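# A look at the structure
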Amino acid sequence: MTAKIIDGKQVAARLRESVAARTALLPFKPGLAVVLVGEDPASTVYVRNKDRAANAAGIAASTLRLPMETTQAELLATIARLNADNDVDGILVQLPLPPQIDARAVIEAIDPAKDVDGFHPVNVGRLHDGRATLVPCTPLGVMKLLAEAGVSLRGTRALVLGRSSIVGKPAAALLTAADATVTIAHSRTRDLAAECRRAEVLVAAVGRAELVRGDWIATDAVVIDVGINRLPDGRLVGDVAFDEAATVAGAITPVPGGVGPMTIACLLENTVTAAVARRG
Ligand code: NAD
C-alpha cells in the first residue's frame, strides 16, 4: 500500500471537540430536533448516534418518534411547531419517509434557517450561488477531509461520481466553489473508467460496492469514498475497491472510518452555525 489513509474518525473527533468548545462559550444551549417516522432499523441506529453525539457536544438533542402511519398533514404540523419553537435551532427529518408522505413537501416546510441538513431549496440555491450557510453534511465532510489531507483544489481536475441531491450535486458545487475543475459522472456516463482516470481528486458517491477499480485511478490521485455498501457476507465496503486503489492513489479514505464519521460531526457544526446565525 502506498496511499496515505485519510482518517475520518480522527478528523471527526477533532471537529466534535471544536463544536463542544464553541457551544461551551454560548449563553444558550443549541437545540436539535430529529424527527423519525416509523422504525426503519438503519434510521433508528443513525438517530440514536446523532442524539448521543449531539448531547456530548453540548447540544440539546431530542428525537420525536412518530408512528409509521403518520399522515403528511400530521408531519407538516409537527414541522410547523418546531419552526415556531425558539429553543429549536436545527430540524432534521430522517429519510427515507414512509410512502404516504411527500418528502419534498416536508423538506420545503422546514424553516431554511433551521434546515441543518441543507436540503431546503433556499439553501440549495444559496450553495449553487456561492453564498452557502447550511451545507449538506456529507459533502461538507468530504471538503473537510480534503482540507485535512492538505489537498490544494485550485485548478485541480475533480470528478464526482454520482449526482444525487444529498451528496453528488452539492459535492460538485463545493468543489467548484473551491476552484476545482469539476466533472460529474453518473449512471449514464460513457466510459466511466476513462473519466475516473483523468481525475486528480475523485469523490465516489454511487452506492455500488467496489465499482471503482484500482486501474481506474490516476497515480497519486486523492480518493474520497462516500459509498457505504453491505456485502452478502456482512462486510461494509465503499464504492472503491480499497486494496487495489490504495496501491495507486496518493491518499484515500477507508470505509468504514472515512466519510461516515464526518457526517454526524458536520451536522453538529451546522446546528451551532444555525443557532448562532438565528439567535445572534
Ligand atoms: P443515490 O442512489 O441517490 O445516487 C447514486 C448516484 O450514483 C446517482 O446519481 C446515479 O446516477 C449514480 N450511479 C448509480 N449507479 C451507477 C453506476 N453503475 N455508474 C455510475 N454512476 C452510477 O445515492 P446517494 O444518496 O448519493 O448515496 C451514494 C452512496 O453514498 C451510498 O452508498 C450511500 O449509502 C452513501 N452515503 C454515505 C453517507 C455517509 O455519511 N458516508 C451519506 C449519504 C450517502
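Here is a short report on the structure shown in this document. (Residues numbered from 1 in each chain as written. Predicted model: local features only at pLDDT ≥ 70, side-chain atom pairs only at ≥ 80, totals over all residues. Heavy atoms only, no water.)

### Section: the pairing of strand 6 (residues 181-185)
In terms of strand pairing, strand 5 (residues 157-161) meets strand 6 through 5 bridges, oriented parallel. Bridge pairing in strand 6 links Val160 to Ile184. For the handedness criterion, the β-α-β arrangement of strand 5, helix 7 (residues 168-177) and strand 6 is classed as right-handed. (Pairing = 2+ DSSP bridges. Helix = DSSP H or I, 4+ residues; strand = E, 2+ residues; numbered from the N terminus. Right-handed = clockwise from strand over helix to strand, strands pointing away.)

### Overview of the nonpolar core
With 53 residues, the main nonpolar core has Leu146, Leu175 and Ile224 as its most contacted residues. When residues of this core are assigned to their parent elements, the largest contribution, 8 residues, is made by helix 10 (residues 260-279). Two domains share this core, each providing at least three of its residues, namely domain 1 (28-113) and domain 2 (136-260). With residues near it in sequence (within four places) discarded, Leu146 still touches Val151, Leu153, Leu175, Val201, Val222 and Ile224. (Core = buried A, V, L, I, M, F, W, Y, C linked by side-chain atoms within 4.5 Å. Buried < 20%, exposed > 50% of the residue type's maximum accessible area, 1.4 Å probe, protein only. Domains from an automatic or database assignment. Contact = heavy atoms within 4.5 Å.)

### Re helix 7
Across the 10 residues that make up helix 7, a large majority, 7, are buried. Here helix 7 has its buried residues at Gly168, Pro170, Ala171, Ala172, Ala173, Leu174 and Leu175. Buried positions along helix 7 lie against helix 5 (121-128), helix 6 (137-148), strand 5, strand 6 and strand 7 (201-204). Directly beyond the C-terminal end of helix 7, a positive phi value near 75° is found at Asp179.

### As for the site of the ligand
As a matter of local geometry, the ligand sits amid 20 residues, with Arg163, Ser164, Gly207, Ile228 and Thr263 nearest to it. Taking Ser164, its side chain carries an N or O atom lying 2.5 Å from an oxygen atom of the ligand. Within the backbone of Ile228, a nitrogen or oxygen atom sits 3.0 Å from an oxygen atom of the ligand. Residue composition of the shell around the ligand, grouped by class: 8 nonpolar, 10 polar and 2 charged. (Near = heavy atom within 4 Å. Polar contact = N/O pair within 3.5 Å; in protein donor to acceptor, adjacent residues only side chain to side chain. Nonpolar A, V, L, I, M, F, W, Y, C, P; charged D, E, K, R; others polar.)

The analysis is restricted to geometry; functional conclusions fall outside its scope.
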